[in-house]
Amino acid sequence: MMDYRYVGPPRLGRGLHRHQRIDQTSHREIHGEFRRRSVRELIALAEKVDLRGRGGAAFPFARKVKAVVSSARRQDAQTVVLVNATEGEPASAKDKLLMARTPHLILDGAMLAALALGAREVVIGVTDGGRAGRSIRSAVVESNLGGFIRVVRLPERFVTGEGGALVNGVNGNPALPPGRKVRAAERGVDGLPTLLSNAETFAQLALLSQLGPDLYAAIGTAEEPGTVLMTVWGAGGRPVVVEAPAGTPLFQVLDLCRADVGQGVLMGGYHGAWLPPAAANRALVSREDIAKAGASLGAGIILPLAPDVCPLGEVARVAAYMGLETAGQCGPCRLGLPALARSLRALAEGDSRSDALSAVRQGIQVVKGRGACHHPDGTSRFIASALEVFAEDVAVHLADGTCGRPVRGLLPIDGEEAASEEVEDTGLRLTVDWARCAGHGLCGHLVPDLVSLDEFGFPVVESKTVPQRLLRQAHQAIDMCPALALRLKNP
């Protein structure tokens, strides 16, 4: 059972101390009967408390609704409500908790929006095939909404949660960012104006409708009424989902999870930034205050780094993972992020100490602002912040090659351990069909850990088998080879 704790009165988690999962009957007993709202009422409610999206961007919800209404009128089209419950960020668990334990709050919020807009349907995008995914599907059945709400399972990848990638996936295409900005409010599911927001946002909307704006704003701050739902990585290296009024001191939230600021606190996940210990101890849990401290609340991820691990090694491990989790559609993602990760790993391991730091900094500048989506920007921000907050550790690595502390994998990674030395061997070898190879040299840039180029630009392939962490890059090199000359074979 996912651990839920709270500061002050529980809102989203009300009733969870008595129920492992709140079914529809219990949901109505706890939160009251569903009350339909007009689109004007819904916009007014959201504007009065400045309800913002809880997926990371904090976009005003009322503006999204207005944009969908305007697009639908202009196009004379139906609308769709799309719930982003993919939670592709490995360090986040709050949406999974909502789906697993109180799914009817999400459905109520989605139905409020759908009925107000006169939407054609509600679509819930998920990646979880376990308890959370089963729970939200069961909630749809319990509510007799199976003909109106459909749940779509998508690949469990970091980029799946990007809005354009989610829309692509729901539409039956690869769940990848489109490469150019396409507003869901203009053209989303099946090309229709789509209200797209995060699962928690719809749960907060349901609470707002039930409580009314005054009672909803009775806790929190004047600028940010209500509660914040956070995934906090506490003692034992396990996530705890915490609900607290906006404005709660960060140290109080950490203390609730038996944690402290350690060497620094990552805010907002792997597209976020690090707070140094002094700033973290002063910070309040609100968008405004965390931004003033130099980070972002984002999707509510709070991850303190313990004092007995190597900061650079931990960050390099995540950077390698992020380099593999790209859409592969532009140079900054396909080439820049893996190269940046390799430079950071070299710095962490003490290789090429004289130029490793400059290579990392140059790599950050190469990818920043040049991607087809925000993945390169977010990843480079995470790395740049680490260089600043852990500057003393960087200096030790430059001087001595290592800080002597281990990498324990405290920063969670989904799927394969992208940067680990102890990775599972695939048993596959990368080979070249020399009858086809024309020496384009692209493979040497795509997967340099396996392929180098000779003086004529032809590939020299490592004889070792491909480790799991490089398998995706190997497949990418095969797919992009202009001569179709690369193969993966069993030895």
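It should be emphasised that the depicted structure is a prediction, and the values quoted were computed from it without experimental measurement.

The rules behind the values
- Residues numbered from 1 in each chain as written.
- Predicted model: local features only at pLDDT ≥ 70, side-chain atom pairs only at ≥ 80, totals over all residues.
- Heavy atoms only, no water.
- Helix = DSSP H or I, 4+ residues; strand = E, 2+ residues; numbered from the N terminus.
- Buried < 20%, exposed > 50% of the residue type's maximum accessible area, 1.4 Å probe, protein only.
- Areas by Shrake-Rupley, 256 points an atom, 1.4 Å probe, with all protein chains shown as cover.
- Lys, Arg positive; Asp, Glu negative; His and termini not counted.
- Charge placed at Lys NZ, Arg CZ, Asp CG, Glu CD.
- Core = buried A, V, L, I, M, F, W, Y, C linked by side-chain atoms within 4.5 Å.
- Contact = heavy atoms within 4.5 Å.
- Pairing = 2+ DSSP bridges.
- Axes fitted to C-alpha atoms, helices over the stretch in contact; angles between N-to-C directions.
- 1 Å grid on protein atoms, 1.4 Å probe; cavity = no way out; pocket = protein on both sides within 12 Å on 5 of 7 lines; lining within 4 Å.
- Points joined across faces, edges and corners; volume = space filled by probe spheres on them.
- Nonpolar A, V, L, I, M, F, W, Y, C, P; charged D, E, K, R; others polar.

(A) Quick look at the overall build of the protein chain. Helix and strand counts for the protein chain come out as 19 helices and 16 strands. For the protein chain, the residues scored as buried account for 57% of the 491 residues in total. Total accessible area on the protein chain stands at roughly 20400 Å², and carbon and sulfur atoms take up 49% of it. Charged side chains in the protein chain number 55 positive and 52 negative. The centres of these two groups are separated by 6 Å.

(B) Structural context of the nonpolar core. Within the largest apolar cluster, 59 residues are counted, with the highest numbers of intra-cluster contacts made by V81, V122, I124, L195 and F202. Of all the elements, helix α5 (residues 103-117) adds the most residues to this core, at ten residues. The contacts of V81, once residues within four sequence positions are left out, are A110, A113, A114, L117, A119, E121, V122, V123, L195 and F202. Formed by 40 residues, the second largest nonpolar core is a distinct cluster that contains F158, C310, C330 and I383.

(C) Up close: the sheet that holds strand β7 (residues 239-245). Taken together, the six strands give an open sheet; going across it, the order is β1-β7-β6-β12-β9-β10, and neighbouring strands pair in mixed fashion. Of all the strands in the sheet, the pair left with one neighbour each is β1 (4-6) and β10 (273-275). Between one strand and the next, the sheet's axes are offset by a mean angle of 30 degrees, whatever the strand orientation. Both β1 and β7 contribute to a ladder of three bridges, which runs parallel. From the neighbouring strand, Y4 faces β7, where its bridge partner is V241. Strands in contact with helix α16 (residues 375-389) are β9 (264-267) and β10; relative to β10, the strand with the most contacts, it is inclined by about 25 degrees.

(D) The arrangement of empty space enclosed by the protein in detail. One pass over the structure, following the stated rule, counts two cavities of 30 Å³ or more. When residues of the lining of the largest cavity are assigned to their parent elements, the largest contribution, three residues, is made by helix α18 (residues 442-446). A breakdown of the residues in the lining of the largest cavity according to their chemical character gives eleven nonpolar, three polar and no charged. A volume near 40 Å³ is recorded for the second largest cavity. In terms of lining residues, the second largest cavity is bounded by F34, R35, D108, L112, A206, S209 and Q210. Of all the secondary structure elements, the ones that give two or more residues to the lining of the second largest cavity are α5 and α8 (199-211). The element best represented in the lining of the second largest cavity is α8, accounting for three residues. Among the residues forming the lining of the second largest cavity, the class breakdown is three nonpolar, two polar and two charged.

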